[in-house]
Amino acid sequence: MTDSSNFDIIVLGAGAAGMMCAARAGQRGARVLLVDHNERPGRKILISGGGRCNFTNLHTAPDRFISANPHFAKSALSRYTPQDFLALVDRYGIAWHEKTLGQLFCDGSAVQIVDMLMAECDAGCVTRAFGRSVESVRHEGGQFALTVGGRRASAAKLVIASGGLSIPKLGATGLAYELARQFMLKVVEPRPALVPLTLGGDEVLFRDLSGVSSEVVAAAGKARFREAALFTHRGLSGPAILQASSYWRNGEAVTVDFLPDDDHELFVAEKRARPKVHFATALRGMLPERLAGTLASRLALEGELANLPDKRLRGAAQRLKHWAFTPNGSEGFAKAEVTVGGIATAGLSSKTMEAKTVPGLYAIGEAVDVTGWLGGYNFQWAWASGVAAGEAAST
């Protein structure tokens, strides 16, 4: 990049969506500049999946994404599928495996995915400007004029791929929202998602269970997820809780079913089968010992099952299957894997990702109000929206 450079497309953000977009546009003949204030590209890719990158999910479907417009993601997701990305991974000889629930991971390292995307950018002769911050953006005469790291660059097309507010230690900023507002695009309030929840008040005692995990069904609003829940020194985490957190709103409860395979008659049935067993002992046979002890104490049921009325046993089962926690907050953007909210889809074309009122301006990936479930869905949205914008902007 020289002191003043002209391009066809400038992509802001060298994350998953930005690299995919730049590579696709460059390989279609566009002169592309890829900008990022980080020295290294794909920093969130590198830490994802415990360093092995959960790069997609075989069960990707529009209903596994959160957005003010639940139909917006359909077009891009249908045109670039998990199988399409998997074909790219296979072309580069990257070994992978399916873990659970359709989640695909690298056998080796997430570095392989970043290297692959940069190789794809190189194949498209994409110019890089890493370690340089965007200082100004103007739109005049059909051109976007930018000052990046003290140097000027211009292009007829500008792609916002700078992500959301999650994990600021990796360089997350509000640039996407600042640019959206500059160009009069609405922004749906960003909030942390796929994030641990914190407990206070009477529920503080559950923090003493830090490190205890159990398979549950966690529910927030109408969303329900069956996976592991993990108690932490601050509250609740684990896949089931992270999933529910995307649907949770401050002041609301998260309901946990600690006995997802049982019904409300389980203790009555246990009473008939083993009347001399104490309630706490019966519960310890169903749940991790420390968790069972805490729950039994909160339920205040003592003594042998034979001496406990069926009504109280049914009530205990009901409570255990609908245990309501009221978090006093979350661990915030610092621990959130993604951001819910972002640039409103109402102002974008679902086919091209282009702003309806600003020709040549595009928004993709986490910058947009489309947020996937845990398990590779957000990466698939990044690939799909990146391809959609890359192809449209280079046409």
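The text that follows walks through the structure, step by step, so that each part is easy to find. Please read these numbers as outputs of a predicted model, since none were measured by experiment. (Residues numbered from 1 in each chain as written. Predicted model: local features only at pLDDT ≥ 70, side-chain atom pairs only at ≥ 80, totals over all residues. Heavy atoms only, no water.)

**A word on the pattern of salt bridges**
With the rule as written, the count across this model stands at 16 salt bridges. Across the pair K271 and D310 runs a salt bridge whose closest N-O atoms are separated by 2.9 Å. In this pair, K271 is assigned in helix 8 (residues 266–273) and D310 in helix 11 (residues 310–321), connecting sequence segments 39 residues apart. For the residue pair K271 and D310, the accessibility class agrees, reading buried in each case. (Salt bridge = Lys/Arg side-chain N within 4 Å of Asp/Glu carboxyl O. Helix = DSSP H or I, 4+ residues; strand = E, 2+ residues; numbered from the N terminus. Buried < 20%, exposed > 50% of the residue type's maximum accessible area, 1.4 Å probe, protein only.)

**Re unusual backbone geometry**
Here C53, not a glycine, exhibits a phi torsion of approximately 60°, which is positive. In this structure C53 comes out as buried when scored by relative accessible area, which is 0%. For L194, which is not a glycine, the phi torsion comes out positive at approximately 50°. With respect to the secondary-structure elements, L194 resides in the loop between strand 11 (187–193) and strand 12 (197–198). Taking relative accessible area as the criterion, L194 reaches 1% and is therefore assigned buried.

**Examining the environment of R290**
Within the secondary structure layout, R290 lies in helix 10 (residues 289–299). Through-space distance from the C-alpha of R290 to that of R40 is 44 Å; in sequence the pair is 250 residues apart. For R290, the residues in contact, after removing those within four places along its chain, are D208, L209, S210 and V212. (Contact = heavy atoms within 4.5 Å.)

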